[in-house]
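Each chain, written out:
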Amino acid sequence: MAMAITLRKFLADNGIAYDILSHPYTSSSQSTAMAARIPANRIAKSVVLEDEDGYLMAVIPASEHVKIGKLNHVVDRHLGLATEPELKNLFTDCATGAIPPVGEAYGMTTVIDEKLDGYDDIYFEAGDHKDLIHVKGNSFQKLMRKTIL
């Protein structure tokens, strides 16, 4: 599987310049950081949560874990992790576990960790387990302009 079609279209529609960085197959964001020789705090990863009100994507550095209790307090919801079958249905053009952190492209409300601010370069999953998208920090901020945090 290559770059997700939805992601490719979203980047083009938003005029975002990007590079693709290929790396050996990995199954976790920490492994991806090591394989690609990129600091884990510069890789934006997505964590999809859900409750009775629907889905929410949290975008955090690969070096972090989502703090669901704190997030629930901030957004006043009762979120839990989305299941693998749900993710397969929501992200049909992505490999399981390789979801790009651009919830807007998939019609999903998104929150972002402020720890991703201020970097010159940000990397994120392309929709498979072998490629990262590299964008400039200001381009990433443009992609995240509709996030709620």
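Above this text is the structure in question.
Asks: An account of the overall build of the chain is needed here, citing residue identities and associated values.
Replies: Of regular secondary structure, the chain possesses five helices and seven strands. Helices and strands in the chain line up, N terminus first, as α-β-α-β-β-α-β-α-β-β-β-α. Dimensions of the chain, computed from C-alpha atoms along their principal axes, come out at roughly 35 × 35 × 30 Å. Among the 149 residues that make up the chain, the fraction classed as buried is 49%. For the chain, the accessible surface area stands at approximately 7,700 Å², while carbon and sulfur atoms represent 51% of it. Considering the chain, the positive charge centre built from 15 side chains and the negative charge centre built from 20 side chains are found 5 Å apart.

Asks: Report on the nonpolar core, specifying residues and quantitative values.
Replies: One broad trend across soluble globular proteins is that nonpolar side chains are buried collectively. Grouped together as the largest cluster of nonpolar side chains are 28 residues, with contacts concentrated most on Phe-91, Phe-124 and Phe-140. Of all the secondary-structure elements, those providing two or more residues to this core are α1 (5-13), β2 (43-51), β3 (54-61), β6 (121-125), β7 (131-136) and α5 (137-143). At three residues, the largest contribution of residues to this core is made by α1. With residues up to four places along the chain from it excluded, the contact list for Phe-140 reads Ala-44, Val-59, Ile-112, Leu-116, Ile-122, Phe-124 and Val-135. By size, the runner-up hydrophobic cluster in this structure holds nine residues, among which are Leu-56, Ala-58, Val-75 and Leu-79.

Asks: Kindly report on the environment of Gly-80, identifying the contributing residues and their values.
Replies: Within the element layout of this structure, Gly-80 appears in strand β4 (residues 80-81). Between the alpha carbons of Gly-80 and Lys-9 there is a distance of 29 Å; along the sequence they are 71 residues apart. Gly-80 has contacts with Val-48, Leu-49 and Glu-50, leaving out every residue within four places of it along the chain.

Quick notes on the rules
Residues numbered from 1 in each chain as written. Predicted model: local features only at pLDDT ≥ 70, side-chain atom pairs only at ≥ 80, totals over all residues. Heavy atoms only, no water. Helix = DSSP H or I, 4+ residues; strand = E, 2+ residues; numbered from the N terminus. Buried < 20%, exposed > 50% of the residue type's maximum accessible area, 1.4 Å probe, protein only. Areas by Shrake-Rupley, 256 points an atom, 1.4 Å probe, with all protein chains shown as cover. Lys, Arg positive; Asp, Glu negative; His and termini not counted. Charge placed at Lys NZ, Arg CZ, Asp CG, Glu CD. Core = buried A, V, L, I, M, F, W, Y, C linked by side-chain atoms within 4.5 Å. Contact = heavy atoms within 4.5 Å.

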